[in-house]
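# Examination of the molecular architecture
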Amino acid sequence: MLQPAVRLVWLSQVPYAELLALQQRWLLRLQAEPGPEAGALLLCEPAGPVYTTGLRGGLTSEDTARLRALGAEVRPLGRGGLATFHGPGQLLCHPVLNLRPLGLRLRAHVAALEACAVRLCELLGLPGARARPPPYTGVWLGERKICAIGVRCGRHVTSHGLALNCSTDLTWFEHIVPCGLVGTGVTSLSEELQRHVTVDEVIPRFLEAFKETYKCTLTSEDSPS
């Protein structure tokens, strides 16, 4: 049986706004006229610090002013979840997918994203990575979250996705309650492996995990479209 094709788009290190703009173009394309591809896998490393909030908020106006004073962007988004941080040293993965050709429902899509991150951790020598049920959605090593997940779905088409800490400066998380979860911590691949792990290093293994989990093929072109 022929596997669904997903377009791979690697943006390298770019402003977060550039990722959102490309996501919107793919979202409109898939919702208007689904083509032969199941969608696109958008990957990037944020070029600067950004705090984002989900549909349930997570930041007051005072919080927003305080975070902007630190030199970070603050962006409200239409994804699930509360406040989190994105920045250099983090792999952002936004699959803009039509779930129908993939044979997935939304909850299965979220579970597949978690499985990708768990598998990546295993491939890098961290077998203790685990997904946890809501409200702890994401991937954890003990009580430390290594991968945050927040998605949106409309007319069977997904947007947003996961943020995996590779060599992220974790002190940025100290200025918020990540995902609204009091008493939990954050970690990174570099912290856990006790060596510097770049986004570039993890991408081949992440793509391996994505193809395995979503049972798809990945195609790539020079232009992000």
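Here's what I pulled together on the structure shown here. (Residues numbered from 1 in each chain as written. Predicted model: local features only at pLDDT ≥ 70, side-chain atom pairs only at ≥ 80, totals over all residues. Heavy atoms only, no water.)

Let us look at the overall build of the protein chain. Scanning the protein chain from terminus to terminus reveals six helices and twelve strands. Taken over C-alpha atoms, the radius of gyration comes to 16 Å for the protein chain, in line with the 17 Å a tight globule of 225 residues would show. The C-alpha extent of the protein chain, read off along each of the three principal axes, is 50 × 40 × 35 Å. Taken over 225 residues, the protein chain has a buried fraction of 49%. At a minimum sequence separation of 6, the contacts of the protein chain that also span at least 24 residues come to 76%. In the protein chain, 22 positive and 20 negative side-chain charges are present, and the distance between their average locations comes to 8 Å. (Helix = DSSP H or I, 4+ residues; strand = E, 2+ residues; numbered from the N terminus. Rg over C-alpha atoms; globule rule 2.2 N^0.38 Å. Buried < 20%, exposed > 50% of the residue type's maximum accessible area, 1.4 Å probe, protein only. Contact = heavy atoms within 4.5 Å. Lys, Arg positive; Asp, Glu negative; His and termini not counted. Charge placed at Lys NZ, Arg CZ, Asp CG, Glu CD.)

Our focus in this paragraph is the packing of aromatic side chains. In this description, an aromatic ring pair is defined by two values, namely the gap between the centres and the angle between the planes. The tally for this structure, following the rule as stated, stands at seven aromatic pairs. These aromatic residues form a ring-pair network of at least three members: Tyr51, Phe85, Trp172 and Phe173. Against the face of tryptophan 140 rests arginine 132, its NZ or CZ located 4.7 Å from the ring centre. (Phe/Tyr/Trp six-rings, centres within 6.5 Å; stacked < 30°, edge-to-face > 60°. Lys NZ or Arg CZ within 6 Å of the ring centre and 35° of its normal.)

With that out of the way, let us pick up the sheet that holds strand S3 (residues 50–53). Across the sheet, which stays open at both edges, the three strands sit in the order S4-S3-S5 with mixed pairing between neighbours. Strands with a single pairing partner mark the edges of an open sheet, and in this sheet they are strand S4 (73–76) and strand S5 (84–86). Between one strand axis and the next, the sheet turns through 30 degrees on average, direction left out of account. Alignment of S3 against S4, held across four bridges, turns out to be parallel. Looking at S4, one finds that threonine 52 is bridged to arginine 75. Those strands touched by helix H1 (residues 16–32) are S3, S4 and S5, and its axis lies near 25 degrees from that of S4. (Pairing = 2+ DSSP bridges. Axes fitted to C-alpha atoms, helices over the stretch in contact; angles between N-to-C directions.)

Attention now goes to the environment of serine 220. As for its position among the elements, serine 220 is in strand S12 (residues 217–220). Not counting residues up to four positions away in its chain, the partners in contact with serine 220 are Arg7 and Leu8.

Time to look at the side chain of histidine 94. Its location among the elements puts histidine 94 in strand S6 (residues 90–97). The buried category is assigned to histidine 94, whose relative accessible area is 4%. Within polar-contact distance, the side chain of histidine 94 engages the side chain of glutamine 23 at 2.7 Å. Histidine 94 has contacts with Tyr16, Leu19, Leu20, Gln23, Ala40, Leu41, Leu42, His160 and Gly161, leaving out every residue within four places of it along the chain. (Polar contact = N/O pair within 3.5 Å; in protein donor to acceptor, adjacent residues only side chain to side chain.)

Counted by the stated rule, this structure contains zero disulfides. Free cysteine cysteine 147: the closest other cysteine sulfur is in cysteine 121, separated by 7.7 Å. Distance from the sulfur of cysteine 216, which forms no disulfide, to the nearest cysteine sulfur (cysteine 116) is 8.6 Å. (Disulfide = S-S within 2.5 Å.)

Under the defined criterion, the tally for this structure stands at eight salt bridges. The salt bridge involving glutamate 73 is made with arginine 75; its shortest N-O contact spans 3.0 Å. The structure contains a network of salt bridges with shared partners spanning Arg119, Glu122 and Glu212. (Salt bridge = Lys/Arg side-chain N within 4 Å of Asp/Glu carboxyl O.)

Glancing now at the side chain of threonine 64. Structurally, the position occupied by threonine 64 is in helix H2 (residues 61–69). Given the relative accessible area of 15%, threonine 64 is considered buried. With residues up to four places along the chain from it excluded, the contact list for threonine 64 reads Leu59 and Val74.

Turning our attention to the environment of isoleucine 146. With respect to the helices and strands, isoleucine 146 occurs in strand S9 (residues 144–154). Its relative accessible area of 0% is what places isoleucine 146 among the buried residues. In sequence terms isoleucine 146 and glutamine 3 are 143 residues apart; their C-alpha atoms lie 30 Å from each other. In contact with isoleucine 146, other than residues within four places in its own chain, are Cys121, Val139, Leu141, Ala163, Leu164, Asn165, Thr187, Ser188 and Leu189.

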